[in-house]
Amino acid sequence: MSPVRVIVLAAQRKGVIDPLAARFGVSHKCLVPLQGRALIAHVLETVARHPCVASVAISVESEAFDAVGAAVPGAAKAHAKVRFSRAADNIADSVKHAARGHDGPVIVTTADNALLAPASIDAMVAALLGHDVALAMAPREAVLAAHPVG
């Protein structure tokens, strides 16, 4: 299989501050702390170390590059495969822009996916073998079991 690019969606809707981000006094939900680190740090540590991941593109507004970059763990920041990609006005264009220049499979995740595990990446890589698209979604029952008002 070709090397994988992971696109981490970290932007927010123009003019909208996420309520959780506001509660914690940060500009973006991906910067909300969890166990002493920003949510995005948990995601990047997982993807940057995965052997199938050739590159990582963090899709966020250009004015947030510094704030998000400050939250990126040192090991991931120093890793040549992590870069920023300017977010567009919508998710589809943001993904298209972040995928530019990569000729291979792409996995898209969100910057608040703090439970992302290497096994999840392995499953997506396996699902992509011989296919153009693979989706991973939680069933409604699982979401409601974890968050009844979800």
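Residues numbered from 1 in each chain as written. Predicted model: local features only at pLDDT ≥ 70, side-chain atom pairs only at ≥ 80, totals over all residues. Heavy atoms only, no water.

## A few points about helix α6 (residues 118-128)
Filter applied, for reference: Throughout, exposure labels follow a simple rule: accessible area from a 1.4 Å probe, protein chains only, divided by the maximum for the residue type, with under 20% read as buried, over 50% as exposed, and the rest as partly exposed. Helix numbers and strand numbers start at the N terminus; a helix is a DSSP run of H or I with at least 4 residues, a strand a run of E with at least 2. This arc corresponds to the set of directions leading from the helix axis out to the C-beta atoms.
Taken residue by residue, α6 has I121, M124, V125 and L128 as its buried positions. Seen from one end, α6 has its buried residues packed into an arc of 100°, which puts them on one side. Just downstream of α6, G130 is the residue with a positive phi angle, here 75°.

## Here's the deal with the confidence of the model for the chain
Note the threshold: The quantity known as pLDDT measures the predictor's confidence residue by residue, on a range of 0 to 100.
Of all residues in the chain, 94% attain a pLDDT of 70 or more, and the chain-wide mean is 88. The weakest mean pLDDT in the chain belongs to helix α4 (residues 74-78) at 59; the strongest belongs to helix α5 (residues 91-99) at 95.

## Remarks on the side chain of H42
Counting through the fold element by element, H42 comes out in helix α2 (residues 39-49). Residue classification places H42 among the buried residues on the basis of a relative accessible area of 9%.

## Some words on the layout of surface pockets
Here is the rule: For each structure, a 1 Å grid was placed over the protein atoms alone; sets of points admitting a 1.4 Å probe that cannot get out are labelled cavities, open sets with protein on both sides within 12 Å along at least five of seven lines are labelled pockets, and lining residues have an atom within 4 Å of a point. Grid points are joined across faces, edges and corners, and a volume is the space filled by probe spheres set on the points. Note on residue classes: Ala, Val, Leu, Ile, Met, Phe, Trp, Tyr, Cys and Pro are nonpolar, Asp, Glu, Lys and Arg are charged, and everything else, Gly too, is polar.
By volume, the largest pocket amounts to about 880 Å³. Lining the largest pocket are 28 residues, with A10, A11, Q12, R13 and I91 positioned closest to its centre. Looking at the lining of the largest pocket, its residues break down into 11 nonpolar, eight polar and nine charged. In this structure, the second largest pocket occupies an estimated 430 Å³ of space. Along its surface, the second largest pocket is lined by 20 residues, and I107, V108, M124, L135 and A136 are the ones closest to its centre. For the lining of the second largest pocket, the elements supplying multiple residues, two or more each, are β6 (106-110) and α6. Partitioned by chemical class, the residues of the lining of the second largest pocket number 16 nonpolar, three polar and one charged.

## A few points about the pairing of β6
To keep things clear, this is the line we draw: Pairing between two strands requires that DSSP report at least two bridges joining them.
The alternating pattern of β6 places I107 and T109 on a buried face, while none of V106, V108 and T110, on the opposite face, is buried. Direction of pairing for strand β1 (residues 4-9) relative to β6: parallel, over a ladder of five bridges. If you follow V8 over to β6, its bridge partner there is T109.

## What to know about the sheet that holds strand β4 (residues 53-60)
Put simply, the rule reads: All axes are obtained by fitting lines to C-alpha atoms, using only the stretch in contact for helices, and the reported angles, taken between N-to-C directions, cover 0 to 180 degrees. Every residue pair with non-hydrogen atoms within 4.5 Å of one another is taken to be in contact.
Reading across the sheet, the four strands line up as β5-β4-β1-β6 and stay open at both edges, with parallel pairing between neighbours. Two strands in the sheet have a free side with no partner beyond their single neighbour: β5 (82-86) and β6. Taking the axes of each pair of neighbouring strands and ignoring which way they run, one obtains an average angle of 25° across the sheet. Across six bridges, β1 lies against β4 in parallel orientation. Its bridge partner being in β4, R5 is matched across the sheet by S55. Along the sheet face, α2 touches β1, β4, β5 and β6 and points at about 160° away from the line of β4. Contacts between α5 and the sheet are confined to β1, β4, β5 and β6, with β1 contributing the most and set at about 140° to the helix.

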